Amino acid sequence: MRAMTVVPSPACAETIVAGDDLVVTVGGDWRITGLLPSWRKVRGDRAPHGVRLRAEGLGRWDSSLVRFVHEVQGWCREAKISCDTSLLPETVRRLVGQLEQAQEKRLPVDHSQNFLVTVGLAATDVWRQTREFASFVGECTLSAIGLVKRPGRFRWRDCFSEMQQCGAMAVPIVSLSSFLVGLTLAYTGAIILRQFGGDIWVADIVGLSTLREMGAVMTGVVVAGRTGAAFAAQLGNMKANEEIDALETLGIAPVDFLVLPRLVALTLMTPLLVMYANCLGIFGGMVVGATVLEIPPSAYWIETQANIDLSDFSVSLIKSIVFGMLIAVAGCLRGLQAERSAAGVGRAATSAVVTSILLLIVADAVFAVLFNVLGL
Amino acid sequence: MNGNPATGVEPPGPGAPPPAIAVEGLECRYGDTVVLTGVSFSVREGELFFVIGGSGCGKSTLLRHLIGLQKPARGTVRYGGEDFTNADLAARRNLLKTFGVLYQNAALWSSMTLRENVVLPLEQYTTLNRREREEIVSLKLAQVGLAGYEEFFPAELSGGMRKRAGLARALALDPRIVFFDEPSAGLDPVTSRKLDELVLQIRETLGTTMVIVSHELASIFALADRVIMLDHEARGIIAEGRPRELAAASDDPRVREFLTRGDEKV
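Residues numbered from 1 in each chain as written. Chains lettered and ligands numbered in written order. Predicted model: local features only at pLDDT ≥ 70, side-chain atom pairs only at ≥ 80, totals over all residues. Heavy atoms only, no water.

### Concerning the overall build of chain B
Right, on to step 1. Check the secondary structure of chain B and you find 9 helices and 10 strands.
Right, on to step 2. What you see for chain B is a C-alpha radius of gyration of 19 Å, in line with the 18 Å of a compact globule of 266 residues.
Right, on to step 3. With the C-alpha coordinates of chain B rotated into their principal frame, the extents come out at 55 × 45 × 40 Å.
Right, on to step 4. Looking at chain B alone, contacts between residues at least 24 apart form 63% of all its contacts between residues at least 6 apart.
Right, on to step 5. Of the roughly 11,500 Å² of accessible surface on chain B, a fraction of 49% belongs to carbon and sulfur atoms.
Right, on to step 6. Side-chain charges of chain B comprise 31 positive and 35 negative groups, with the mean position of each set lying 2 Å from the other. (Helix = DSSP H or I, 4+ residues; strand = E, 2+ residues; numbered from the N terminus. Rg over C-alpha atoms; globule rule 2.2 N^0.38 Å. Contact = heavy atoms within 4.5 Å. Areas by Shrake-Rupley, 256 points an atom, 1.4 Å probe, with all protein chains shown as cover. Lys, Arg positive; Asp, Glu negative; His and termini not counted. Charge placed at Lys NZ, Arg CZ, Asp CG, Glu CD.)

Now the structure itself:
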């Protein structure tokens, strides 16, 4: 390793039998990234009573030589024969000794868990997460009350910026997804209705299912994937960079400063996106009606108007407001809970999407029961 | 500055090996902003070489250009006489094996244990089998004083231990050159001194060339064979030599001020 050789000579280990001993001469340049002699091939089938190692013509060497000598020593120990390394450079012997000691020393660390421990930890984790979620919702509520009392202290500029990000910037993807969902609903409805000559009722199916269900749910899923993940990643990154600690040490509550603007922005923009998605969904059905089912758009529109009323819009509006709040809360909570590392930020974003979609589905089921009871 | 006045690179004598690193006429830019220009120096084999200077003078920029993370606008970087700047993909890959880097925050992969961190370059560039790789990992961790910590994750270690683990990874392929980016950053004085001792010990054992970017005066005086000092306004090297000589007798007051912390009586 010390000597500078521009053109390296290959590492070699040659053997000579001297009496009962095997003399192994190492030479050349030993580079860990190059071709190296194998001890198994060097010794062959010989069974000496001792091994003597020496260096001759040894050029640049590195850990590969240390490892080779260590392997020879290990083999000799197993074969219960002597191994003489006294003729090797002192540095090589010292490093071999260091490797020997390092192999014996392995600090106990156990990252594995048995089944019962895993189940127990998972159960306590669910309980902890539920409490954290409830506590976070409480903090957000208090912060929102503070906003009503002192609207001047609210960070409106951040809120408008987030509204643009999670609202206006989401229009293209929401347009595409809701139009295609309307289109798909129309095709699916037409399969049955055509058999009874009831093509025009496709307008009813598309209108009702879009307004009461698909518009809000599909937009919710898109917003969860797009904005919920972004919230978690932004806040998680801020946490990793100690930006949130900096806020806390200034006496600024992260919920007031970071969460509330996002919560307000998404709670306001999700209903707008859902109403827009409803219109695009109905338009998608209308396109199928006009092109495939030969229903004139005017007839399709009259049929849609006849079968949807304000209560359907109310259902859509209420759902969208709640979905927006849930996604914002889940995204921000996961971001604030993120571990302080790059991997932690990634996990927070994934977790935000999973939590948002799960909450969205649970809320949708609760709404289905509630609206049925209320007769909406 | 020593050597060739035009380039700052010492001309190799007849039959002498080329310098470990030779930088000629390097210009570093970010867009239209020139950070460094006309930078030339060489580092001898086995030398402990410091790149020093105040904050924002381009030390880390120079390092990023030396290790190929950024391409110079002009000039060349040579390792052992081989052109790194204009090397094709295969040659570049071969040269990358010859140096290791210890990043400022160690840059250990957080989802991997220390063993997995150190073994990755070995898996990538050697034909060693699993058992052989494990032995090298043990040796490397032992060399930096972390014997037995193979199965620990970076998050389970202190800042100083993470730096040492980063050094073990940088040494995995026994590189001829190791670059250090602000090795003392974030470490207490005692841990910092221990890291300096480790650097000396590794140089002594393996004869590795060390290039250290730092503004830690204690480390500079304790370790450096030679330094170059960069300056923000000059956008290049304003001094080259032994730190004590520069601190005592440099013609440039900026150099004396930096190396004596503005108190020349010290």
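### Some thoughts on helix α2 (residues 63-79) of chain A
Residue and element names in this part refer to chain A.
Right, on to step 1. Counted at 1.5 Å a residue, the expected span for α2 with its 17 residues is 24 Å, and the 24 Å between its end C-alpha atoms agrees.
Right, on to step 2. Judged by how many residues are buried, α2 sits mostly within the fold: 13 of 17 residues are covered.
Right, on to step 3. At the C-terminal side of α2, Lys80 shows a positive phi close to 60°. (Expected span 1.5 Å × (residues − 1). Buried < 20%, exposed > 50% of the residue type's maximum accessible area, 1.4 Å probe, protein only.)

### Here we look at the sheet that holds strand β9 (residues 226-231) of chain B
Strand pairing within a sheet occurs via backbone hydrogen bonds; the two strands may be parallel or antiparallel.
All names here are of chain B.
Right, on to step 1. The 6 strands are arranged β6-β7-β8-β3-β9-β10 in an open sheet whose pairing can be described as mixed. Strands at the two margins of the open sheet, each flanked by one partner only, are β6 (99-102) and β10 (236-241). The sheet shows a mean angle of 15° between the axes of neighbouring strands, taken without regard to direction.
Right, on to step 2. Pairing analysis gives 4 bridges linking strand β3 (residues 48-52) to strand β8 (residues 209-213), with the strands arranged parallel. (Pairing = 2+ DSSP bridges. Axes fitted to C-alpha atoms, helices over the stretch in contact; angles between N-to-C directions.)

### As for helix α7 (residues 202-240) of chain A
Right, on to step 1. The largest bend in α7 of chain A amounts to roughly 60° and is located at Thr210 of chain A.
Right, on to step 2. Backbone geometry just after α7 of chain A places Glu242 of chain A at a positive phi near 65°. (Bend = angle between axes of the 7 residues up to and from the residue.)

### Let's talk about the pattern of salt bridges
Between side chains of opposite charge, pairing is possible as soon as their charged atoms come close.
Residue and element names in this part refer to chain B.
Right, on to step 1. Under the definition given, this model contains 35 salt bridges over all chains.
Right, on to step 2. Between Arg74 and Glu27 there is a salt bridge, with its nearest N and O atoms 3.3 Å apart. Of this pair, Arg74 sits in strand β4 (residues 74-79) while Glu27 sits in strand β1 (residues 21-30), and the two are 47 residues apart along the sequence.
Right, on to step 3. The exposed category is assigned to Arg74, whose relative accessible area is 55%.
Right, on to step 4. The closest approach of N and O atoms between Asp174 and Lys140, which form a salt bridge, is 2.6 Å. (Salt bridge = Lys/Arg side-chain N within 4 Å of Asp/Glu carboxyl O.)

### Here's the deal with the sheet that holds strand β4 (residues 82-87) of chain A
Residues and elements named next belong to chain A.
Right, on to step 1. One open sheet holds the 4 strands; their spatial order is β1-β2-β3-β4, and the pairing between them is mixed. A single partner strand is all that each edge strand has here, and the edge strands are β1 (12-18) and β4. The sheet shows a mean angle of 25° between the axes of neighbouring strands, taken without regard to direction.
Right, on to step 2. Relative to strand β2 (residues 21-28), β1 runs antiparallel, the two being bridged by 7 bridges. Note on β2: the bridge partner recorded for Glu14 is Thr25.

### Quick notes on the side chain of Glu135 of chain B
Right, on to step 1. Mapping Glu135 of chain B onto the fold places it in helix α4 (residues 130-143).
Right, on to step 2. Classification of Glu135 of chain B by relative accessible area gives buried; the value is 6%.
Right, on to step 3. Ignoring sequence-local partners within four residues, the contact set of Glu135 of chain B consists of Arg67, His70, Leu99 and Gln103 of chain A.

### Remarks on the nonpolar core
Right, on to step 1. Formed by 77 residues in total, the largest nonpolar core has its most connected members in Val24, Trp39 and Val51 of chain A together with Phe50 and Leu167 of chain B.
Right, on to step 2. A per-element tally of this core places α2 of chain A first, with 7 residues.
Right, on to step 3. If sequence neighbours within four positions are ignored, Val51 of chain A has contacts with Leu22, Val24, Trp39, Val72, Trp75, Cys76, Ile81, Ser82, Cys83 and Asp84 of chain A.
Right, on to step 4. With 44 residues, the next largest nonpolar core counts Ala216, Val223, Leu235 and Leu326 of chain A among its residues. (Core = buried A, V, L, I, M, F, W, Y, C linked by side-chain atoms within 4.5 Å.)

### Section: the packing of α7 of chain A against helix α9 (residues 254-291) of chain A
All names here are of chain A.
Right, on to step 1. At a minimum axis separation of 8 Å, α7 and α9 run at an interaxial angle of 145°. Every pair of crossing elements has a handedness; the one defined by α7 and α9 is right-handed.
Right, on to step 2. Residue composition of the contact of α7 with α9, grouped by class: 14 nonpolar, 9 polar and 1 charged. (Left-handed = near helix turned anticlockwise from the far one by under 90°. Nonpolar A, V, L, I, M, F, W, Y, C, P; charged D, E, K, R; others polar.)

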